[in-house]
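Spelled out, the chains give:
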Amino acid sequence: MRLVQMEIARHDWQSMLCGCGGSAEHLARDLLQLAGRGSGQEPSHVSLEEHVWSPAVLWGPAPAVTSVALAVLADDVTPAAREWFLDILQCLVAGEGTDGASARRGLDLPELCRGLALQGLWLLYEEVMSNRSPGTVSAAFEILTVVEPDRARLQRVRDIAADWLPVCCRTGLCDDDLRALDR
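Residues numbered from 1 in each chain as written. Predicted model: local features only at pLDDT ≥ 70, side-chain atom pairs only at ≥ 80, totals over all residues. Heavy atoms only, no water.

### Points about helix H3 (residues 62–74)
So, point 1. Its 13 residues give H3 an end-to-end C-alpha distance of 19 Å, which sits within 8% of 18 Å, the value for a rise of 1.5 Å per residue.
So, point 2. Within H3, 12 of the 13 residues are buried, leaving the element largely enclosed by the surrounding structure.
So, point 3. Among the structural elements, helix H1 (2–9), helix H2 (25–35), helix H4 (79–93), helix H6 (109–119) and helix H7 (121–130) are those in contact with the buried residues of H3. (Helix = DSSP H or I, 4+ residues; strand = E, 2+ residues; numbered from the N terminus. Expected span 1.5 Å × (residues − 1). Buried < 20%, exposed > 50% of the residue type's maximum accessible area, 1.4 Å probe, protein only. Contact = heavy atoms within 4.5 Å.)

Shown next as structure tokens:
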């Protein structure tokens, strides 16, 4: 939990505008609750939808939450917390739009989140190759299909991990090559 707490403390949550319209200060507590608050404490689920993302846009706290999600993958957390944060990370890298206030400041929140996730590439590959649970393997691989620029490496991992990847990942149905969409 030390890495998660350190990453949460690194961000000025109070100055961020949350999707709920107020300060994102409450997100620091919510993220700690999701991660389990400390050794031996069980995490409890908190929805970040409509605070960090919606089906249409990401809000200002999205890059900070992406960093926290990567810290969770590097830290010692429960399987439930790991799965929740991978689900959150998946929503953030799949984001399609930026809230109006962030866009006026010239921010492309989905691209920022994808760039941060790319920095955690090896954490995602480790999650796939560890085969800890079907949910985490699937989510990590689907995130990789969005952020991994080396499609040959992704295909190699798909071949190696085929026995434990879900059908959509084995067959490429979940692949999302955003670079191809930009052309």
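Having put the structure on the table, let's press on.
### Some remarks on helix H8 (residues 134–147)
Every α-helix winds through 3.6 residues per turn, so residues three or four apart in the chain are directed the same way.
So, point 1. In this model, H8 (14 residues) spans 20 Å end to end at C-alpha, consistent with the 20 Å of a helix rising 1.5 Å per residue.
So, point 2. The buried fraction of H8 amounts to 12 of the 14 residues, a majority that puts the element mostly inside the structure.
So, point 3. Among all positions in H8, only Thr136, Val137, Ser138, Ala139, Ala140, Phe141, Glu142, Ile143, Leu144, Thr145, Val146 and Val147 are buried.

### Here's the deal with the environment of alanine 62
So, point 1. Looking at the secondary structure, you find alanine 62 in helix H3.
So, point 2. Here alanine 62 falls in the buried class, since its relative accessible area comes to 0%.
So, point 3. Once the C-alpha coordinates of alanine 62 and glutamate 83 are considered, the two residues, 21 residues apart in sequence, prove to be 18 Å apart.
So, point 4. Excluding residues that lie within four positions of it along the chain, alanine 62 makes contacts with Val52, Leu92 and Cys113.

### What about the confidence of the model for the chain?
So, point 1. In the predicted model, the chain carries a mean pLDDT of 90, and the fraction of residues at 70 or more is 93%.
So, point 2. The element-level mean pLDDT for the chain is lowest in helix H11 (residues 178–181), coming to 42, with H6 highest at 98.
So, point 3. Throughout residues 178–183 the model reports pLDDT below 50, and contacts reaching past four residues in sequence, or to other chains, amount to eight contacts. (pLDDT = per-residue confidence, 0-100.)

### Some details on the packing of aromatic side chains
So, point 1. As enumerated under the stated definition, the model contains one aromatic pair in all.
So, point 2. Between tryptophan 122 and tyrosine 125, the aromatic rings sit 5.4 Å apart at their centres with planes inclined by 40 degrees, giving tilted as the arrangement. Residue tryptophan 122 and its partner tyrosine 125 are both found in helix H7; the two are separated by three residues, about one turn of the helix.
So, point 3. Taking relative accessible area as the criterion, tryptophan 122 reaches 56% and is therefore assigned exposed. (Phe/Tyr/Trp six-rings, centres within 6.5 Å; stacked < 30°, edge-to-face > 60°.)

### Some points on unusual backbone geometry
So, point 1. Residues other than glycine seldom take positive phi values, yet glutamate 50 does so here, at roughly 75 degrees.
So, point 2. Here glutamate 50 shows up in the loop between H2 and H3.
So, point 3. Residue classification places glutamate 50 among the partly exposed residues on the basis of a relative accessible area of 41%.
So, point 4. One non-glycine residue with positive phi stands out, namely asparagine 131, at about 55 degrees.
So, point 5. Examined against the element boundaries, asparagine 131 turns out to sit in the loop between H7 and H8.

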